[in-house]
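Chain by chain, the residues run as shown.
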Amino acid sequence: MNILVLNSGSSSLKYQLFDMQGETVMAKGLVEKIGLEGSELTHSPAGKDKVNIVTDIPNHSVAIELVISELLDPVHGVIRDMKEINAVGHRVVHGGQTFCKSCLIDTNVLAEIERLVELAPLHNPPTILAIRACEEKMHGVPMVAVFDTAFHQTMPAYTYLYGLPYHYYEKYQVRRYGFHGTSHRFVSARCSELLGKKDAKIITCHLGNGSSIAAINNGKVLDTSMCFTPLQGILMGTRCGDIDPAIVTFLMAKEGLDPKAMDDVMNKESGLLGISGVSPDMRYIEEAAAKGNERAAVALKVFEKTVVHYIGAYAAELNGVDAIVFTAGIGENAINARANICANLDYLGVDFDAEANNCRGQEVEITRPGSKTRIFAIPTNEELMIARDAQALVQGK
Ligand code: AMP
């Protein structure tokens, strides 16, 4: 069975075609600047040369058409007939309170994803465009929605409710949802396998451009650091993470900012970029800090402190922890950040292995045998998780 996985952004579309027999990637690629000047597609078929096509791509429908034509292309393609695509798995950012697991997309499901645009005005609309484009271009191919929020739906009311008047929860569903759920699910399942323990207490740290941490007990999320939107929690590339909510009204009044402008400050101008003034990218911050840039150095420290903070909070909430997992761009690759974070975990009985930690992008245990709490770096694979869910649903499992 071949599954096409699509991850749609407002002006981008990432795709991977999986052969599920060996869970191998037949081709992957990225469409960029959809609807903008200079739009292009980069297509990487397995075992063949990469192709770059610069052409006018005005919308998601044209983008999907182009992806299909590259997958079928006699030279760059990897399939001969569209019938060889047995299902499409769509990443959907927000499933609200409705979706606690992945599901086949029908008219009702699509209508509900549209209703949830209210909660994810930036994230759900491009996915809806991609779903409609696939309906149009790939008649009858089953489609599956895999939600970033779904894995976190096991959170009890006492972790998802805010200390706001209850009627705002009833009226607008203002509550904690959590994001990166597909990644937290993938790495926590793998960690359970490595531990040989199904009912493990695990803290998963998805540290990338966007970052979130989750506390997982027996395969269920107890708490997570991203909340109503992907803004709260860890300091991120350009997002502020936790701040005193009173700062919002203070700055709006002082600077004469409207809600949209304030939203931009917190989502696009803050985080590692905001503090360092250098870049949202961890690699550049590390480089600048090593050259003596003090703001870059303090940005790194703030980042590491927020991770240490959440690990401590979640170890307490879980009342103990068997393992901690680092994943995503920073979690898988930033050797120094991992070492600095682990240096604060003696109280959990962590016996850190600096030599094992000295690697990037690999599955590795970075604690020594006998460490009371074990720590792993596990590369995440959200696309594979989406493909697995799509396969299971299409096969009626
Ligand atoms: P992601 O959003 O998962 O793609 O992660 C992007 C983040 O990972 C960026 O901040 C990158 O700087 C960071 N990253 C990627 N490779 C490295 C590396 N070798 N060392 C440090 N940070 C890295």
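Just above, that's the structure.
Some points on the overall build of the chain
Inference 1: Secondary structure summary: the chain contains 15 helices and 14 strands in total.
Inference 2: At 21 Å, the chain has a C-alpha radius of gyration in line with the 21 Å of a compact globule built from 397 residues.
Inference 3: Principal axes of the C-alpha set define a box for the chain whose edges measure 60 × 55 × 45 Å.
Inference 4: Expressed as a percentage of its 397 residues, the buried residues of the chain come to 50%.

Let's talk about the site of the ligand
Inference 1: Close to the ligand lie Gly208, Asn209, Asp281, Met282, Arg283, Glu286, Ala328, Gly329, Ile330, Asn333, Ala334 and Arg360.
Inference 2: Here an oxygen atom of the ligand and a backbone polar atom of methionine 282 are 3.0 Å apart.
Inference 3: In the complex, 74% of the free accessible area of the ligand, which totals 500 Å², lies under the protein chains.
Inference 4: Sorting the residues of the shell around the ligand by element identifies helix 10 (282-290) and helix 12 (328-333) as the ones contributing at least two each.
Inference 5: Here the shell around the ligand is composed, by residue class, of four nonpolar, four polar and four charged.

Points about the packing of aromatic side chains
Inference 1: Inspection of every chain in the model, using the stated rule, returns six aromatic pairs.
Inference 2: Each ring, one from tyrosine 160 and one from tyrosine 169, has its centre 5.9 Å from the other, and the planes form 45°; the classification is tilted. A single burial state applies to tyrosine 160 and to tyrosine 169, both of which are buried.
Inference 3: Where tyrosine 177 meets phenylalanine 228, the ring centres are 6.3 Å apart and the plane angle is 35°; that geometry is what we call tilted. With tyrosine 177 in the loop between helix 5 (166-172) and helix 6 (181-195) and phenylalanine 228 in the loop between strand 11 (220-224) and helix 7 (246-255), this residue pair connects regions lying 51 residues apart in the sequence.
Inference 4: Through pairs of rings, three or more aromatic residues link up here, namely Tyr160, Tyr166 and Tyr169.
Inference 5: The ring centre of tyrosine 160 lies 3.6 Å from the NZ or CZ of arginine 175, which sits over that ring.

What to know about helix 6
Inference 1: For helix 6, which comprises 15 residues, the first-to-last C-alpha distance of 21 Å matches the rise-based estimate of 21 Å (1.5 Å per residue) to within 8%.
Inference 2: Among the structural elements, strand 8 (143-147), strand 9 (201-207), strand 10 (211-217), strand 12 (323-327), strand 14 (374-377) and helix 15 (382-394) are those in contact with the buried residues of helix 6.
Inference 3: Glycine 196 occupies a position one or two residues after helix 6 and carries a positive phi of about 65°.

Remarks on the pattern of salt bridges
Inference 1: By the definition in use, this model includes 16 salt bridges.
Inference 2: For the salt bridge of arginine 388 with glutamate 23, the shortest nitrogen-to-oxygen distance reads 2.8 Å. Residue arginine 388 is located in helix 15, and its partner glutamate 23 is located in the loop between strand 2 (13-19) and strand 3 (24-32); the two are separated by 365 residues in the primary sequence.
Inference 3: Residue class for arginine 388 comes out partly exposed when judged on its relative accessible area of 32%.
Inference 4: Overlapping salt bridges bring together Glu65, Glu136 and Lys137 as one network.

Looking at the sheet that holds strand 1 (residues 2-8)
Inference 1: Strand order in the open sheet formed by eight strands is 5-4-3-2-1-6-8-7, with mixed pairing between adjacent strands. At either end of the open sheet lies a strand with only one pairing partner, and these are strand 5 (51-54) and strand 7 (103-104).
Inference 2: Two strands pair when backbone bridges link them, and strand 3 and strand 4 (residues 40-45) are joined in this way by six bridges, in the antiparallel orientation. When the sheet's bridge partners are listed, valine 31 is paired in strand 4 with leucine 41.

Notes on the environment of glycine 271
Inference 1: Following the sequence through the fold, glycine 271 ends up in helix 9 (residues 271-276).
Inference 2: Put simply, glycine 271 and phenylalanine 250 are 21 residues apart on the chain and 19 Å apart in space, counted from C-alpha to C-alpha.
Inference 3: When near neighbours in sequence (up to four residues on either side) are disregarded, glycine 271 contacts Leu235, Met236, Gly237, Thr238, Arg239 and Cys240.

Quick look at the side chain of histidine 184
Inference 1: Counting through the fold element by element, histidine 184 comes out in helix 6.
Inference 2: What makes histidine 184 buried here is its relative accessible area of 1%.
Inference 3: Those residues in contact with histidine 184, other than ones at most four positions away along the chain, are Phe151, His152, Phe179, Thr204, His206, Ser212, Ile213, Ala214 and Ile216.

Here we look at the sheet that holds strand 13 (residues 364-365)
Inference 1: Taken together, six strands build an open sheet; the order of strands is 11-10-9-12-14-13 and the sheet is mixed. Only two strands of the sheet have a single partner each, and these edge strands are strand 11 and strand 13.
Inference 2: Where strand 13 and strand 14 come together, two bridges link them in antiparallel fashion. If you follow valine 364 over to strand 14, its bridge partner there is alanine 377.
Inference 3: In the packing of helix 6 onto the sheet, the strands contacted are strand 9, strand 10, strand 12 and strand 14, and the crossing angle to strand 9 comes to about 135°.
Inference 4: Against the sheet, helix 11 (residues 294-318) engages strand 9, strand 10, strand 11 and strand 12, with an angle of about 160° to strand 9.

With respect to the nonpolar core
Inference 1: Of all hydrophobic cores here, the largest spans 45 residues; its most connected members are Leu4, Leu71 and Ile113.
Inference 2: Mapped onto this core, the elements with two or more residues apiece are strand 1, strand 2, strand 3, helix 1 (60-72), strand 6 (87-92), helix 2 (107-115), helix 3 (124-137) and strand 8.
Inference 3: The biggest single contributor to this core is helix 1, with six residues.
Inference 4: Excluding residues that lie within four positions of it along the chain, leucine 71 makes contacts with Leu4, Tyr15, Leu17, Ala27, His43, Gly77, Val78, Ile79 and Ile85.
Inference 5: Within the second largest apolar cluster, 42 residues are counted, among which are Ala296, Val308, Cys342 and Ile375.

Observations concerning the packing of helix 6 against helix 15
Inference 1: Here helix 6 crosses helix 15 at 90°, and the two axes come no closer than 9 Å. On the basis of the axis angle, helix 6 is roughly perpendicular to helix 15. Contacts between helix 6 and helix 15 pair Thr182, Ser183, Arg185 and Phe186 from the former with Glu382, Leu384, Met385, Ile386, Arg388 and Asp389 from the latter.

Reading the values: rules and limits
Residues numbered from 1 in each chain as written. Predicted model: local features only at pLDDT ≥ 70, side-chain atom pairs only at ≥ 80, totals over all residues. Heavy atoms only, no water. Helix = DSSP H or I, 4+ residues; strand = E, 2+ residues; numbered from the N terminus. Rg over C-alpha atoms; globule rule 2.2 N^0.38 Å. Buried < 20%, exposed > 50% of the residue type's maximum accessible area, 1.4 Å probe, protein only. Near = heavy atom within 4 Å. Polar contact = N/O pair within 3.5 Å; in protein donor to acceptor, adjacent residues only side chain to side chain. Areas by Shrake-Rupley, 256 points an atom, 1.4 Å probe, with all protein chains shown as cover. Nonpolar A, V, L, I, M, F, W, Y, C, P; charged D, E, K, R; others polar. Phe/Tyr/Trp six-rings, centres within 6.5 Å; stacked < 30°, edge-to-face > 60°. Lys NZ or Arg CZ within 6 Å of the ring centre and 35° of its normal. Expected span 1.5 Å × (residues − 1). Contact = heavy atoms within 4.5 Å. Salt bridge = Lys/Arg side-chain N within 4 Å of Asp/Glu carboxyl O. Pairing = 2+ DSSP bridges. Axes fitted to C-alpha atoms, helices over the stretch in contact; angles between N-to-C directions. Core = buried A, V, L, I, M, F, W, Y, C linked by side-chain atoms within 4.5 Å. Parallel < 35°, antiparallel > 145°, perpendicular 65-115°, else oblique.

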